[in-house]
Amino acid sequence: MYLSMVVPCFNEEHGLQRLHDALVAALSGRVRDYEVILVDDGSTDRTLREARRLAALNPRFRYVSLSRNFGKEAAMLCGLRHARGGRVALLDADLQHPPRLLRRMLALLDSGYDQVVARRGRDGENRVRSALSKMYYWACRRLVDVRLQDGVGDFRVLSRRAVDAVLSLPEYHRFSKGLFAWIGFDTAYVSFRNVPRGGGGSRWTFGALVNYGIDGLTSFNSRPLRLSIYLGVLVALLAGGYVLFVVANTIVDGVHVPGYATLLAGVLGLGGVQLLFLGVLGEYLGKSYFEAKRRPHYLVKESSPEFHPQARALR
Ligand code: UDP
Ligand code: MG
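Naming follows an unreviewed UniProt entry, where the protein appears as Glycosyltransferase involved in cell wall bisynthesis of Saccharopolyspora shandongensis. Check the Sequence similarities (unreviewed entry) section of the UniProt entry for the protein; it says "Belongs to the glycosyltransferase 2 family."

Okay, here's the thing in structure tokens:
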């Protein structure tokens, strides 16, 4: 069955040739029909030129170039939409997703699974970062309906059925990890050791990861909003009890003026909780605002001839 490989690329000019060689080495003789779709996500270096060159060199390689940097999620969506294979693989351009695993993953897919996911170990990673990741996944398990797994990234092989299912989800804010978990279907896992990045640094700053995490927590249900109701009820009950106590105390004991600490703690504590949940509320409101605009996820600037509309009509 035809295999489409989708590779989002942002400023990967130095990695593409290496990726090309690794993919060809991993697939030649094993997979007969395949295409590699390089999605240039508005790179500011010569990634597009490299993609054009590889596409001219190797007919299995083709590219789509976006009009600006829309982010990896948009680039992956673009690649999935262009993929025509009965099986579709998603992998990073920086060789952190080793192509040699593809063979095992494809074999599993062919044995009847709809998704085969590569799970990465965290060795060699910053300790603080992996501890924070563990905490995050713990919180996710409690707050999010779909099961997100630690170490599971976007490296996966999907059946046509699974790809169509993901493409049928129209939301603007895409959190792929969650979308892939949401569609379900039989999923198999393959483990691999963490590979340091081939060249350049990770595009993920700590702040970007925190934002990504918040997106994950608020993309799947409104449980964080529900949490604010629970907390509100709890605080209201406590406050009610305390008011009763104060009133009773005043009746029995007369008026006592001190209470500065209690007052301050109450005002500040409640203020903080209110701001937090105002933020949560705003997060959902903001998401609805973006969904309501119904903007496209990305715009295509240029693509290889295979993807031109007239070529599509001929196929
Ligand atoms: N990427 C992309 N658009 C972006 C950022 C990243 O297409 O805005 C691509 C990048 O070229 C790479 C993959 O997404 O192929 C993963 O990026 P990176 O290696 O920076 O992330 P990490 O491996 O640290 O998760
Ligand atoms: Mg990487």
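Anyway, onward from the coordinates.
A. Summary view of the overall build of the protein. Summing up its helical and strand segments, the protein has 11 helices and 8 strands in all. Whereas a compact globule of 315 residues would reach a radius of gyration of roughly 20 Å, the protein reaches 25 Å, over 25% beyond that. The 315 residues of the protein split such that 27% are buried.

B. Inspection of the pairing of strand 5 (residues 115-120) at higher detail. Summarising the sheet, strand 5 and strand 6 (residues 152-159) pair through 4 bridges and their orientation is antiparallel. Paired with Gln115 across the strands is Leu158, a residue of strand 6. Two strands pair when backbone bridges link them, and strand 5 and strand 7 (residues 187-192) are joined in this way by 6 bridges, in the parallel orientation. Across the sheet, the residue bridging to Arg120 is Phe192, located in strand 7.

C. Spatial organisation of the domain arrangement of the protein. In terms of domain boundaries, the protein breaks down into domain 1 (3-122 + 139-203) and domain 2 (222-293). Spacing between the C-alpha centres of domain 1 and domain 2 amounts to 45 Å. With 4 residues of domain 1 at the interface, the matching set in domain 2 holds 5 residues. When its residues are assigned to classes, the side of domain 1 that touches domain 2 shows 2 nonpolar, 1 polar and 1 charged.

D. Focus on the sheet that holds strand 2 (residues 34-40). As summarised here, the arrangement of the 8 strands in space is 7-5-6-4-1-2-3-8, forming an open sheet in which the pairing is mixed. Sheet topology places strand 7 and strand 8 (300-303) at the edges, where each strand pairs with a single neighbour. When the angles between neighbouring strand axes are averaged without regard to direction, this sheet yields 20 degrees. Where strand 3 (residues 61-66) lies against strand 8, 3 bridges are found, and the strand directions are antiparallel.

E. Structural detail: the UniProt feature "transmembrane region" (unreviewed entry) in the protein. Under the feature "transmembrane region" (unreviewed entry), the UniProt entry names residues 227-248 and 260-285. The span residues 227-248 is 100% helical and 0% strand by assignment, and the distance between its end C-alpha atoms comes to 32 Å. End-to-end, the C-alpha atoms of residues 260-285 are 37 Å apart, and along that stretch the chain is 100% helix and 0% strand.

F. Expanded view of the packing of helix 9 (residues 223-253) against helix 10 (residues 260-293). Contact geometry for helix 9 and helix 10: axes closest at 10 Å, N-to-C directions at 155 degrees. Taken as axis vectors, helix 9 and helix 10 run roughly antiparallel relative to one another. For the crossing formed where helix 9 meets helix 10, the hand is left-handed. Residues Pro224, Leu225, Ser228, Leu231 and Val235 of helix 9 lie in contact with helix 10, whose contacting residues are Leu270, Val273, Phe277, Val280, Leu281 and Tyr284. Grouping the amino acids of the contact of helix 9 with helix 10 by side-chain chemistry returns 10 nonpolar, 1 polar and no charged.

G. Local environment of the pairing of strand 1 (residues 3-9). Taking burial as the measure, the 7 residues of strand 1 include 7 buried ones, the bulk of the element. Alternating residues of strand 1 divide into Leu3, Met5, Val7 and Cys9 and Ser4, Val6 and Pro8, and every residue in both groups is buried. For strand 1 and strand 2, the ladder comprises 7 bridges, and the chain directions are parallel. Of the residues in strand 2, the one forming a bridge with Met5 is Val36. Between strand 1 and its parallel partner strand 2, the chain crosses via helix 1 (residues 16-27), and the hand of that crossover is right-handed.

H. Representation of unusual backbone geometry within the structure. You will see that Leu95, though not glycine, has its phi angle at about 65 degrees, which is positive. Here Leu95 is to be found in the loop between strand 4 (87-90) and helix 4 (102-110). Positive phi values are uncommon outside glycine, yet Phe185 reaches one of about 70 degrees. Note that Phe185 resides in the loop between helix 7 (176-183) and strand 7. A residue is classified by how many C-beta atoms lie within 10 Å of it, and Phe185, with 13 of them, is partly exposed.

I. Inspection of the confidence of the model for the protein at higher detail. When pLDDT is averaged across the protein, the result is 85; 95% of the residues are at 70 or more. Overall fold confidence for the complex sits at a pTM of 0.79, while the interface term, ipTM, reaches 0.94.

J. Just the nonpolar core, in detail. Counting residues in each nonpolar core, the largest one holds 52 residues, and the members touching the most others are Met5, Val6, Val7, Ile37, Leu38 and Val39. The dominant element in this core, judged by the number of residues it contributes, is helix 3 (residues 72-82), at 6 residues. If near-sequence neighbours (up to four positions away) are discounted, Val39 is found in contact with Val6, Val7, Pro8, Cys9, Val64, Leu66, Ala75, Cys78 and Gly79.

Parameters at a glance
- Residues numbered from 1 in each chain as written.
- Chains lettered and ligands numbered in written order.
- Predicted model: local features only at pLDDT ≥ 70, side-chain atom pairs only at ≥ 80, totals over all residues.
- UniProt positions renumbered as here; feature names shortened; annotations may be inferred.
- Helix = DSSP H or I, 4+ residues; strand = E, 2+ residues; numbered from the N terminus.
- Rg over C-alpha atoms; globule rule 2.2 N^0.38 Å.
- Buried ≥ 20, exposed ≤ 12 C-beta atoms within 10 Å, placed from the backbone.
- Pairing = 2+ DSSP bridges.
- Domains from an automatic or database assignment.
- Contact = placed C-beta atoms within 7 Å.
- Nonpolar A, V, L, I, M, F, W, Y, C, P; charged D, E, K, R; others polar.
- Axes fitted to C-alpha atoms, helices over the stretch in contact; angles between N-to-C directions.
- Parallel < 35°, antiparallel > 145°, perpendicular 65-115°, else oblique.
- Left-handed = near helix turned anticlockwise from the far one by under 90°.
- Right-handed = clockwise from strand over helix to strand, strands pointing away.
- pLDDT = per-residue confidence, 0-100.
- Core = buried A, V, L, I, M, F, W, Y, C linked by C-beta atoms within 7 Å.

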